[in-house]
Amino acid sequence: MLISMQNFRNKMKLVFWHWFWLFFMSLLSSSEGLSSDGLALLALSKSLILPSSIRSNWSASANPCTWNGVGCNGRNRVISLDLSSSEVSGFIGPEIGHLKYLQVLILSTNNISGLIPLELGNCSMLEQLDLSQNLLSGSIPASMGNLKKLSLLSLYYNSFNGTIPEELFKNQFLEEVYLNDNQLSGSIPFSVGEMTSLKSLWLQDNMLSGVLASSIGNCTKLEELSLFDNQLSGSLPETLSEIKGLRILDATSNSFIGEISFIFENCKLEIFILSFNYIKGEIPSWLGNCRSLQQLGFVNNSLSGKIPTSLGLLSNLTYLLLSQNSLSGPIPPEISNCRLLQWLELDANQLEGTFPGELANLRNLSKLLLFENRLMGDFTENIWSIQTLESVLLYS
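All values derive from a computational prediction rather than experimental measurement.

**Observations concerning the overall build of the chain**
No. 1: Within the chain, the secondary structure is distributed over three helices and 29 strands.
No. 2: In the chain, which comprises 396 residues, the share counted as buried stands at 48%.
No. 3: In the chain, the proportion of contacts linking residues at least 24 apart, taken out of those at least 6 apart, comes to 45%.
No. 4: Total accessible area on the chain is roughly 18700 Å²; 52% of this is exposed by carbon and sulfur atoms.
No. 5: Here the chain contributes 23 positively and 34 negatively charged side chains, and the mean placements of these two sets differ by 14 Å.

As structure tokens, this is what we get:
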């Protein structure tokens, strides 16, 4: 009896393993041609909710290189995933870290929420990362500092908070960094100077504080520096002079102090705005070298001295906004040489003398604010012949 029971158990074991093997082989055959990249994408699709237009051909029986939004190299390794503007929701799962050959990840303009998984830092081949305009939150993981080949980092219009990891900016290949319109706090990392290939740095509309590190001067290829609507303080570093090709510098609505100590001799500036800070000293005369300058704004600071006559050399200037300072002296008639000028705001200063009749030559002017100054005399009637004029305030 004991022997027969033992035989029965052995037979049952054989039956069990037989069925297990059949089950295993059926699973294997169903994804027989699916690569590890394909398996990772399928797993990723469990957390990312894909619309039917994308999901329609994401199948275990198909080559993932043929799937919507997926791109491969000649060896059928997944190198790009672009699901931008595709109504994708859900969250990014840790499986993203298994795509070892991924070079481009674009998930922008969707409804993706949750955190950036730490495992994203395993995608060491990544060159372009765009997660902008989503519902992502939490902090930017320090593991993203492992993405040493990254040239584009775009995380704007999300709800990221916490500080910018020092490791993130230790990248000599980063050319474009867009972290604007989040809830980031803390200081701009000193490692910003290690991004020696940087062309665009957008950090506006956050809660960043502290100083702009002098190391920014190492970013000699920088063209766009956007810092407005933060809580930055201290003086703007003199090392900005090293950035010869800077086109846009906008630091509006911060708490910067001190004088404008940097100089752009061969100036390439197109937009230069420092409004709503605590900048003091005089308006630098070297601004006359900025022949491409279109917008110049120093509203609500503590600037003093005279308006430089060299501003009359700015033939492309459309906005000259110098109101709410302590500027003195006459309005230089040379400003009338800025024939493309549309907005001229000089109100709430200590300007004196007469109204320059030459201002009537500004035939594109739509807004002229000169009130709250010490100007005297009559204003030229020719100003009313400017057909584009919409708003004129001369006296308080």
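**Some details on the environment of Asp-347**
No. 1: With respect to the element layout, Asp-347 can be found in the loop between strand S25 (343–345) and strand S26 (350–354).
No. 2: For the pair Asp-347 and Arg-374, spaced 27 residues apart in the sequence, the C-alpha separation amounts to 10 Å.
No. 3: Among residues more than four places away in sequence, those in contact with Asp-347 are Ser-323, Gln-324, Leu-369, Leu-370, Phe-371, Glu-372 and Asn-373.

**Topic: the nonpolar core**
No. 1: Among the nonpolar cores identified, the biggest contains 106 residues, and Leu-179 and Phe-272 are the most heavily contacted of them.
No. 2: Elements represented by at least two residues in this core include exactly helix H2 (36–47) and strand S3 (78–82).
No. 3: Per-element accounting of this core gives the leading share, four residues, to H2.
No. 4: Contact partners of Phe-272, with chain neighbours within four places excluded, come to Leu-249, Ile-260, Phe-262, Trp-286, Leu-287, Leu-293, Gln-295, Leu-296, Gly-297 and Phe-298.

**Observations regarding the side chain of Asn-158**
No. 1: Positionally, Asn-158 belongs in the loop between strand S9 (152–154) and strand S10 (159–162).
No. 2: Looking at Asn-158, the relative accessible area reads 7%, which means it is buried.
No. 3: Of note is the side chain of Asn-158, whose polar atom sits 3.4 Å from the backbone nitrogen of Leu-135.
No. 4: Only 3.1 Å separates the side chain of Asn-158 from the backbone oxygen of Leu-155, close enough to count as a polar contact.
No. 5: Here Asn-158 is in contact with Leu-131, Ser-132, Gln-133, Asn-134, Leu-135, Leu-136, Asp-181 and Asn-182, once residues within four sequence places are set aside.

**With respect to the confidence of the model for the chain**
No. 1: Taken as a whole, the chain shows an average pLDDT of 92; of its residues, 91% reach a score of 70 or greater.
No. 2: In this model residues 1–8 is a low-confidence stretch, pLDDT under 50, and it forms zero contacts with partners more than four residues away in sequence or in other chains.
No. 3: This model gives residues 10–31 a pLDDT under 50, and the stretch forms three contacts once residues within four places in sequence are excluded.

**Digging into unusual backbone geometry**
No. 1: At Asp-229, a position not held by glycine, the phi torsion is positive, near 60 degrees.
No. 2: For Asp-229, the position within the fold is in the loop between strand S15 (224–226) and strand S16 (231–235).
No. 3: Asp-229 sits in the partly exposed class, given a relative accessible area of 33%.
No. 4: Although it is not a glycine, Phe-276 sits at a positive phi angle of roughly 60 degrees.
No. 5: The residue Phe-276 is located in the loop between strand S19 (271–273) and strand S20 (278–282) in this model.

Thresholds applied
- Residues numbered from 1 in each chain as written.
- Predicted model: local features only at pLDDT ≥ 70, side-chain atom pairs only at ≥ 80, totals over all residues.
- Heavy atoms only, no water.
- Helix = DSSP H or I, 4+ residues; strand = E, 2+ residues; numbered from the N terminus.
- Buried < 20%, exposed > 50% of the residue type's maximum accessible area, 1.4 Å probe, protein only.
- Contact = heavy atoms within 4.5 Å.
- Areas by Shrake-Rupley, 256 points an atom, 1.4 Å probe, with all protein chains shown as cover.
- Lys, Arg positive; Asp, Glu negative; His and termini not counted.
- Charge placed at Lys NZ, Arg CZ, Asp CG, Glu CD.
- Core = buried A, V, L, I, M, F, W, Y, C linked by side-chain atoms within 4.5 Å.
- Polar contact = N/O pair within 3.5 Å; in protein donor to acceptor, adjacent residues only side chain to side chain.
- pLDDT = per-residue confidence, 0-100.

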